Amino acid sequence: TQFRALAQHGEQMMRQDLQRMLQVQEIDQHVQGHGSAMARLLTAPRSERETIYPVVDNEYAAIERVIGDLTHQTEDAQGAMRLQELSARRNDYRDAFIEIVTEIEAGDAAAAGAMFNGAGQATMKALTAASKTLLRHEQQRLDARQREVQIQIERSEWLLAALAVAAVALSAVLA
């Protein structure tokens with residue numbers, strides 16, 4: 001049963017912990033995709049913006065979805081705290097880009113560009129920094145679980161060795 005528990009623990013690490021790490025990395029990919037689409041909006045004529053807005057919306061919706069999924073799966077207090085920070089940085093990011101879009105649609109490309117290069121980039125960097133902090137936390141959790149499994153394996157090895165010695169001793173006594 002101990003070996004089954006080790007196997008289940010290893011499977012849990014692979015399925016849950018690694019999945020969470022991939023989800024955190026996915027946030028950065030969508031932030032980059034969103035930022036890239038926003039940069040295209042700055043120079044696109046109104047007729048082309050209609051095709052770019054769905055990309056902007058989809059990338060932002062993906063950020064929201066991943067953060068929501070992670071929030072529902074968080075079990076530890078530190079992870080929850082880091083997710084709250086990530087959510088706060090996401091809100092700052094969203095607010096900055098809403099202002100940029102407002103300037104774009106008002107026809108003030110210069111103001112929109114200045115906002116994009118200023119507050120937009122700053123909030124994007126803060127959001128990716130918060131996701132990197134969460135990723136480090138998830139890596140540390142995975143490392144801790146791996147150490148726990150290693151300790152359990154070592155205990156099982158000692159137990160098996162002790163059982164083997166006892167079996168040899170018992171067979172010698174019976175012989």
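Here's a quick rundown of the structure. (Residues numbered from 1 in each chain as written. Predicted model: local features only at pLDDT ≥ 70, side-chain atom pairs only at ≥ 80, totals over all residues. Heavy atoms only, no water.)

### A closer look at the environment of His30
Assignment of secondary structure puts His30 in helix α1 (residues 2-43). Judged by relative accessible area, which is 16%, His30 ranks as buried. Separated by 43 residues in sequence, His30 and Gln73 have C-alpha atoms that sit 20 Å apart. Here His30 is in contact with Glu59, Ala62, Ile63 and Arg65, once residues within four sequence places are set aside. (Helix = DSSP H or I, 4+ residues; strand = E, 2+ residues; numbered from the N terminus. Buried < 20%, exposed > 50% of the residue type's maximum accessible area, 1.4 Å probe, protein only. Contact = heavy atoms within 4.5 Å.)

### Examining the pattern of salt bridges
Under the defined criterion, the tally for this structure stands at 11 salt bridges. Across the pair Glu105 and Arg49 runs a salt bridge whose closest N-O atoms are separated by 3.0 Å. With Glu105 in helix α3 (residues 77-105) and Arg49 in helix α2 (residues 46-73), this pair connects stretches of sequence that are 56 residues apart. A salt bridge links Glu85 to Arg89, with the nearest nitrogen and oxygen atoms 2.3 Å apart. Here Arg89 and Glu85 lie together in helix α3, a separation of four residues that amounts to about one turn. Under the relative-accessibility criterion, Glu85 is labelled partly exposed at 39%. (Salt bridge = Lys/Arg side-chain N within 4 Å of Asp/Glu carboxyl O.)

### Considerations on the packing of aromatic side chains
Inspection of every chain in the model, using the stated rule, returns two aromatic pairs. Judged by centre distance (4.6 Å) and plane angle (55°), the ring pair of Tyr93 and Phe97 falls under tilted. Here the residue Tyr93 and the residue Phe97 both occupy positions in helix α3, the gap between them amounting to four residues, near one helical turn. Judged by its relative accessible area of 0%, Tyr93 is buried. Seen in terms of ring centroids, Phe97 and Phe116 are 5.9 Å apart; in terms of plane orientation they differ by 80°. Their pairing is edge-to-face. Of this pair, Phe97 sits in helix α3 while Phe116 sits in helix α4 (residues 109-174); the two residues are 19 residues apart in sequence, bridging distant segments of the chain. (Phe/Tyr/Trp six-rings, centres within 6.5 Å; stacked < 30°, edge-to-face > 60°.)

### A word on the side chain of Thr128
You can see Thr128 is positioned in helix α4. Contact partners of Thr128, with chain neighbours within four places excluded, come to Asp28, Val31 and Gln32.

### Structural notes on the packing of α3 against α4
Axis angle and axis distance: for two packed helices, these are the angle between their axes and the distance between the axes, and together they describe the pair. Their axes nearest at 9 Å, the elements α3 and α4 cross at an angle of 165°. By the angle class used here, α3 and α4 are roughly antiparallel. Here α3 and α4 pass one another in a crossing that is left-handed. Grouping the constituent residues of the contact of α3 with α4 by class yields 17 nonpolar, seven polar and seven charged. (Axes fitted to C-alpha atoms, helices over the stretch in contact; angles between N-to-C directions. Parallel < 35°, antiparallel > 145°, perpendicular 65-115°, else oblique. Left-handed = near helix turned anticlockwise from the far one by under 90°. Nonpolar A, V, L, I, M, F, W, Y, C, P; charged D, E, K, R; others polar.)

### Overview of α3
Look at α3: 42 Å from first C-alpha to last across 29 residues, which is about the 42 Å you get at 1.5 Å a residue. Three or more residues of α3 are buried, namely Gly79, Leu83, Leu86, Ser87, Arg90, Tyr93, Ala96, Phe97, Ile100 and Ile104. (Expected span 1.5 Å × (residues − 1).)

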